[in-house]
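Coordinates in review
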Amino acid sequence: MSDIKLFRTKGTVEEIPGTSVTVEKSLQVLFENNLEALLGVRKLESEYYTGPVHRGRIDTLGIDENHTPVIIEYKRATNENVINQGLYYLDWLLDHKAEFQLLVQKKLDRETADSIDWTAPRLICIAGDYTKFDQYAVQQINRHIELLRYKRYGDDLLLLELVNVPNSSKDFGSSPRGSSDNVDIGEDWVKPTGPYKTFEDNLNQADSSLYDLYSALRDYILALGDDVQVKRLKYYEAFKRIRNIASVIIQPQVRNLLVIVRVDPDTVTVEEGFTRNVRNIGHWGTGDLEITLRSMDDLEKAKPFLNLAYERS
């Protein structure tokens, strides 16, 4: 069990006891009613029936803020192998992409359905605790599996802890510019038509100073914590923990980086030419505050915003 402790500091300091009993139906309902706030996931269906062949029910089926399909399974019994069960449903999902797309179109909209990213569908397992064997097993499986541990404090506090960093979310590391050897864009990836260039195209066209700025930004975000994951999408690169921290867009034509962070623009001083409120403006990625980086000095100014976004993700 996690050794995180929570204390009440008003008056006499006392520990608030935490519990992580077997997942009850009420906890699943709590998650499903607040999926976007808790996990950055939009719910599509609960107890989704996979048909007469697979004969199973996915606890929660959704799509995340990066348009990636998400399966959520809750571990209800200590002897339940929720990881194997989730892998079974992941295989079903990859065999039924058209069915999933139609579901997204029905529940959300056509635009979201057309922009589903099949690079690495996510399996999120939620349990009061995991064994060392669970944590070892997921590191041997080349799938995007996230183990979330929860703990309840009193009647109104819920702690979520990301136990592992999925294999499919490793840093692209020292992969040279112009090489996609370490970037799994998936067999279903199709270069989009129209005026928008892909992230990879823009990265390849960046001059040396812009590429160095991007590398410094990436290294700083990854260094914020061991739980930071990175996913390269068609038009931007997303850095996340449980939810997105920052979305990075490269603009080689104007030699800058746009960084969208999960920070409330109303709580900070917006500086013209550096930060912008994009809450009601269409943009790639997720978040309400846009930061424009043109130099290493701008990156230094942006670090407090990145730190704040990390804490809130």
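Everything discussed here concerns the structure shown above.
Each value, and the rule that gives it
- Starting afresh in each chain, residues are numbered from 1 along the sequence in its written order.
- Per-residue local features of the predicted model are confined to residues with pLDDT of at least 70, and side-chain atom pairs are confined, for both listing and counting, to 80 or more; whole-chain, interface and lining totals are unaffected and use all residues.
- Computation of side-chain values: all heavy atoms of the structure, hydrogens and water removed.
- Under the DSSP-based scheme used, a helix requires at least four consecutive residues in state H or I and a strand at least two consecutive residues in state E, with every element numbered from the N terminus.
- Think of it in three bands: with a 1.4 Å probe and only protein chains considered, a residue is buried below 20% of the maximum accessible area for its type, exposed above 50%, and partly exposed in between.
- Throughout, a contact is declared for two residues whenever any of their heavy atoms are within 4.5 Å.
- Computed with the Shrake-Rupley method and a 1.4 Å probe, the accessible areas treat only the protein chains shown as cover for residues.
- Axes, fitted as lines to C-alpha atoms, cover a helix only where it is in contact. Angles between the N-to-C directions of the axes lie from 0 to 180 degrees.
- Throughout this description, any angle smaller than 35 degrees is read as roughly parallel, any larger than 145 degrees as roughly antiparallel, any in the 65 to 115 degree range as roughly perpendicular, and the remainder as oblique.
- Two strands qualify as a pair provided that DSSP identifies no fewer than 2 bridges between them.

1. Here's the deal with the overall build of the protein chain
The number of helices and strands found in the protein chain is 9 helices and 15 strands. Residues classed as buried in the protein chain amount to 49% of the 313 residues present. Excluding contacts between residues fewer than 6 apart, the proportion of contacts in the protein chain whose partners are at least 24 apart in sequence is 60%. Summed over its atoms, the accessible surface of the protein chain is roughly 15700 Å², and 48% of this surface lies on carbon and sulfur atoms.

2. Describing the packing of helix α3 (residues 82-95) against helix α4 (residues 97-107)
Between α3 and α4, the shortest axis-to-axis distance is 5 Å and the interhelical angle comes to 85°. Here α3 is positioned roughly perpendicular relative to α4, judged by the angle of their axes. Between α3, through Trp92, Leu93, Leu94 and Asp95, and α4, the contact on the second element is made entirely by Lys97, Glu99 and Phe100.

3. Remarks on the sheet that holds strand β14 (residues 275-277)
Note: strands within a sheet are paired through backbone hydrogen bonds, in either parallel or antiparallel orientation. Judged by pairing direction, the sheet is antiparallel, and its 6 strands sit side by side in the order β10-β11-β12-β13-β15-β14 without closing on themselves. Both edges of this open sheet fall to β10 (229-232) and β14, since each of them pairs with a single strand only. Geometrically, the sheet is characterised by an average inter-axis angle of 20° between neighbouring strands, direction not taken into account. Bridge count between β14 and strand β15 (residues 289-293): 3 bridges; the pairing is antiparallel. If you follow Thr275 over to β15, its bridge partner there is Ile291. Across the face of the sheet, helix α8 (residues 208-222) comes into contact with β10, β11 (237-240), β12 (244-251), β13 (256-261) and β15 while running at roughly 25° to β13. Sitting on the sheet, helix α9 (residues 296-311) is in contact with β12, β13, β14 and β15, with an inclination near 150° to β15.

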